[in-house]
Amino acid sequence: MKAYRIRDIARRAVAEFGGDIPCEQDVLLSFKGVGPKCANLVLGIVGEQPYIGVDIHVHRVTNRWGYVAARTAEKTMAALQEKLPRRYWVEINALLVPFGKHVCTGVRPKCSTCPVLDMCRQVGVTSHR
Ligand code: SF4
């Protein structure tokens, strides 16, 4: 499915934008398979102003910390935009994706060896390693 969507995006990029996709959120969101997280990641990296890319890892970790309290990734993104200093908006994704994959995992996070245990409220964590 990803390969199909990448090919579709490449075709549209050539046909509609001369191979140079505008750095605009509305345009990015018009591509199939590109949601707010992906669009914000692109805009944060190549755009002129920072955006927060909230995927499942950023959503899970920041809510477990108790830094935000939001039920969906979109609501977490809105909450982080209110609270997180702008200088961290781009790098938070690059930091928390590997952290969420390897330490603060979806099932049984590794709290006993977590470097931020003393700062974490462990919201919703019922079982951990
Ligand atoms: S202490 Fe546990 S819940 Fe909190 S960030 Fe670390 S691994 Fe995640």
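Source: prediction; values computed, not measured.

Caption draft 1: Structural detail: the overall build of the protein. The helix and strand inventory of the protein stands at six helices and zero strands. Reading the secondary structure of the protein in the N-to-C direction produces α-α-α-α-α-α. In terms of its C-alpha atoms, the protein occupies a principal-axis envelope of roughly 50 × 30 × 20 Å. For the protein, the proportion of its 129 residues judged to be buried stands at 34%. Across the protein, every contact between residues at least 6 apart in sequence was considered, and the portion connecting residues at least 24 apart equals 42%. Summed over its atoms, the accessible surface of the protein is roughly 8300 Å², and 56% of this surface lies on carbon and sulfur atoms.

Caption draft 2: Region of the structure containing the packing of aromatic side chains. Applying the stated rule across the entire model yields one aromatic pair. The aromatic ring of Trp-89 is capped on one face by Arg-86, whose charged end is 4.6 Å from the ring centroid.

Caption draft 3: Here's a closer look at the environment of Met-77. Within the element layout of this structure, Met-77 appears in helix α5 (residues 73-83). On the basis of relative accessible area, Met-77 is assigned to the buried category, the value being 13%. Residues Met-77 and Ile-52 lie 25 residues apart in sequence; the distance between their C-alpha atoms is 6.6 Å. Non-local contacts of Met-77, meaning those with residues more than four positions away in its chain, are made with Pro-36, Asn-40, Ile-52 and Val-54.

Caption draft 4: Examining the pattern of salt bridges more closely. Scanning the model with the defined rule gives one salt bridge in all. Between Glu-16 and Arg-12 there is a salt bridge, with its nearest N and O atoms 2.9 Å apart. Remark: Arg-12 and Glu-16 occur in helix α1 (residues 2-17); sequence separation between them is four residues, near one turn of the helix. With relative accessibility at 46%, the residue Glu-16 sits in the partly exposed group.

Caption draft 5: Representation of the environment of Glu-91. Position of Glu-91 among the secondary structure elements: in helix α6 (residues 91-102). Given a relative accessible area of 36%, Glu-91 falls into the partly exposed group. Sequence separation between Glu-91 and Arg-121 is 30 residues, and the spatial gap between their C-alpha atoms is 22 Å.

Caption draft 6: Structural detail: unusual backbone geometry. In this structure, Arg-108 is a non-glycine residue whose phi angle is positive, near 45 degrees. With respect to the helices and strands, the residue Arg-108 is situated in the segment after α6. Residue Arg-108 is classed as partly exposed on the basis of its relative accessible area, which comes to 41%. Positioned with a positive phi, Gln-122 is a non-glycine residue whose angle comes to about 50 degrees. Note on Gln-122: relative accessible area 25%, which makes it partly exposed.

Calculation rules
Here, residues in each chain are numbered from 1, in the same order as that chain's written sequence. It should be noted that, the model being predicted, local features are given only for residues of pLDDT at least 70 and side-chain atom pairs only at 80 or more, the latter also being counted only at that level, while totals for whole chains, interfaces and linings use all residues. Excluding hydrogens and water, the side-chain figures rest on all heavy atoms present in the structure. Per the convention used, a helix needs a DSSP run of H or I reaching at least four residues, while a strand needs a run of E reaching at least two, with both numbered from the N terminus. Note on classification: 1.4 Å probe, protein chains only; a residue is buried when its accessible area is under 20% of the maximum for its type, exposed when over 50%, partly exposed between these limits. We call two residues in contact when some of their heavy atoms are within 4.5 Å. Only the protein chains shown count as covering a residue, and every accessible area follows the Shrake-Rupley method with a 1.4 Å probe. Working definition: a ring pair exists when centres of Phe, Tyr or Trp rings (six-membered ring for Trp) sit within 6.5 Å. Plane angles under 30 degrees give stacked, over 60 give edge-to-face, the rest tilted. Put simply, a charge is over a ring when the Lys NZ or the Arg CZ is close to the ring centre, within 6 Å, and near the line of the ring normal, within 35 degrees. Put simply, a salt bridge is a Lys or Arg side-chain nitrogen that is within 4 Å of an Asp or Glu carboxyl oxygen.

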